[in-house]
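This is what each chain is made of:
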Amino acid sequence: MWWTEKGHLEVGNNQLYIGGMNAVELASKYGTPLYVYNGNKIKGNFERLNAALSAHTDNYRIHFAVKANSHIQIQKLAYDTGAYADCVSPIECRMALKAGLSKERVLFTGTSVSNSDLEDLVNLGVRINIDSVSQLRRLAKLSTKPELSVRWNPGEGAGAGLHSHTITAGKYIKFGIPEHKVLDTFREAKALGFKVVGLHQHIGSGWLGDDVQVFHDSVRRTLNVANQAQEILGSAFEFIDFGGGPGIRYREGQTPFPIEEYARGLIEQVRAEGYRGTIAIEPGRFPVGESGILLLEVNTVEEKNIPIVGVDGGFNTLIRPAFYESYHEIVLANRVESDDRQEVMVAGNLCESSDVFNCSKKELREIAMPEEGEILALLCAGAYGFEMASTYNGRPLPAQVLIMDGKDHLITERGTIESIVGLQKIVV
Ligand SMILES: Cc1ncc(COP(=O)(O)O)c(C=O)c1O
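Note that this is a predicted model, so its numbers are computed, not measured.

Enquirer: I tried to follow the nonpolar core on my own but got confused; where do I start?
Expert: Soluble globular proteins tend to bury their nonpolar side chains together. Core analysis: the biggest nonpolar cluster contains 102 residues, and Y79, L139, F186, F237, F242 and L376 have the highest contact counts within it. By residue number, the principal contributor to this core is helix α8 (residues 211-233), which donates nine residues. Both of domain 1 (2-38 + 289-421) and domain 2 (110-283) provide at least three residues apiece to this core.

Enquirer: I tried to follow the packing of helix α2 (residues 39-54) against helix α3 (residues 72-80) on my own but got confused; where do I start?
Expert: Two measures define how a pair of helices packs: the angle their axes make with one another and the distance between the axes. Contact geometry for α2 and α3: axes closest at 9 Å, N-to-C directions at 35°. Along this stretch, α2 crosses α3, giving a crossing that reads as right-handed. Across the interface between the two elements, G39, I42, K43 and F46 from α2 touch I74, L77, A78 and D80 from α3.

Enquirer: Please clarify how the packing of α3 against helix α4 (residues 90-98) should be interpreted in this entry.
Expert: Where α3 contacts α4, the two axes come as close as 9 Å, and the packing angle between them is 65°. The interaxial crossing formed by α3 with α4 has right-handed handedness. Each of I72, Q75 and Y79 in α3 lies in contact with α4, whose residues at this interface are M95, A96 and K98.

Enquirer: Where do I start with the site of the ligand in this structure?
Expert: In the vicinity of the ligand lie 14 residues, with S205, G245, E282, R285 and Y384 positioned nearest. Between D86 and the ligand, the recorded distance is 3.2 Å, taken from a side-chain N or O atom to a nitrogen atom. Take G245: an N or O atom from its main chain is 2.9 Å from an oxygen atom of the ligand. For the ligand, the protein covers 92% of the area, taking 390 Å² as the surface of the free molecule. When atom positions are compared with the pocket grids, the ligand is found to occupy the largest pocket. The residue makeup of the shell around the ligand, split by class, is three nonpolar, six polar and five charged.

Enquirer: How do you make sense of the packing of aromatic side chains when you look at a structure like this?
Expert: Aromatic ring pairs are reported here in terms of the distance separating the ring centres and the angle at which the planes meet. Scanning the model with the defined rule gives eleven aromatic pairs in all. Taking 6.2 Å as the distance between ring centres and 5° as the angle between the ring planes, the aromatic pair formed by Y35 and Y37 counts as stacked. When sorted by exposure, Y35 lands in the same class as Y37, which is buried. When the centroid spacing of 6.0 Å and the interplanar angle of 70° are considered together, the rings of W207 and Y262 count as edge-to-face. With W207 in the loop between β11 (196-200) and α8 and Y262 in helix α9 (residues 259-272), the pair connects residues that are 55 residues apart, well separated along the chain. Grouping aromatic residues by their ring pairs yields a cluster made of W207, F215, F257 and Y262. Taking NZ or CZ as reference, K145 lies 5.8 Å from the ring centre of F194, over its face. Directly above the ring of Y327 sits R365, whose terminal nitrogen or CZ lies 3.9 Å from the centroid.

Each value, and the rule that gives it
- Residues numbered from 1 in each chain as written.
- Predicted model: local features only at pLDDT ≥ 70, side-chain atom pairs only at ≥ 80, totals over all residues.
- Heavy atoms only, no water.
- Core = buried A, V, L, I, M, F, W, Y, C linked by side-chain atoms within 4.5 Å.
- Buried < 20%, exposed > 50% of the residue type's maximum accessible area, 1.4 Å probe, protein only.
- Helix = DSSP H or I, 4+ residues; strand = E, 2+ residues; numbered from the N terminus.
- Domains from an automatic or database assignment.
- Axes fitted to C-alpha atoms, helices over the stretch in contact; angles between N-to-C directions.
- Left-handed = near helix turned anticlockwise from the far one by under 90°.
- Contact = heavy atoms within 4.5 Å.
- Near = heavy atom within 4 Å.
- Polar contact = N/O pair within 3.5 Å; in protein donor to acceptor, adjacent residues only side chain to side chain.
- Areas by Shrake-Rupley, 256 points an atom, 1.4 Å probe, with all protein chains shown as cover.
- 1 Å grid on protein atoms, 1.4 Å probe; cavity = no way out; pocket = protein on both sides within 12 Å on 5 of 7 lines; lining within 4 Å.
- Sits in = over half its atoms within 2 Å of the grid points.
- Nonpolar A, V, L, I, M, F, W, Y, C, P; charged D, E, K, R; others polar.
- Phe/Tyr/Trp six-rings, centres within 6.5 Å; stacked < 30°, edge-to-face > 60°.
- Lys NZ or Arg CZ within 6 Å of the ring centre and 35° of its normal.

Dropping the structure here:
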């Protein structure tokens, strides 16, 4: 099983174990759909990131991209290793504060940010990374002028990611300030009396090793803008944030992302260009993606036009396959090593024909053939999994369990009808 190389998933008595705990027993204890995370794996990943960066500089920051998995317990694991937070909404910022982070360690990078968001952020006292000139001008109208950093878009050819939806640099991209406006933005910020302390880029998400070259190209462009911007401002940036993106190994045949090489390459490149301030990165998927699995119970095994294996979750539970045609390894947790492997459609329980856990509805997946009542585990579900879940079709949000040092803890109760209709009103 290629995925045992991840170091925290094992096979014992033909059943799946995560962080030393039996996945089938967890499913029976807490019910399904169930997200299970290995907290030791998360801590280990942050420690690995720290080691990769600290081998080359003391002056770095890891901003955990909270959007990948915002659970406050999981955030706390990150912050315990010294991480800062990258947040995209005022509530994410509040969650980071609730998880124990101090406001100076929270960096907000939003898009289409409203006036009330801006007021909220300024009142919270978190750091603000603007992604539009509009944001700058509207911030200037508030009574307090926060310190700012600027997200720019390094442009065409400088984006990278697993899927077109996850590429965030280039022309048809809404994020950041484009090259032809970025220096004027610094001039305007200075004229408006803002102290600009940083520059930011994020070119996309889910890179494989080949994308590192594209990343270095974007870093070169960013350092070039940084030099010109610092001249305009007359001061050096406190930090340059090079965004997130490092991918994880979702399927056999993909090589693990070369995180140590990436860290060394980034720091060497930045220092060679003469920038001496803080180097920040913003990983989300890398530290938490592999730590989580999604457990689903099989309720239907039937030949229709094609063989169908029906499960008790859908794209409301894990949207990545339906949204990005993403691959998640599907493991029969009860009988991992079964030789009876067949090509099937693993079908969710939503009334949508796109609701399948294969990469697409026309691409059947060979899996160990389950019986009704058995448990399937979808691997690498720790990032952008629960986070993107919804209650579509009246299916409550799944429960979440954290394993830490060989003990299981319920960290999110399963949703109920009350959690769906609780804020609704019947008015006529
Ligand atoms: C601004 C920003 N930073 C960081 C990230 C994290 O990316 P990843 O999870 O690929 O590391 C994202 C993801 O979309 C992002 O938008």
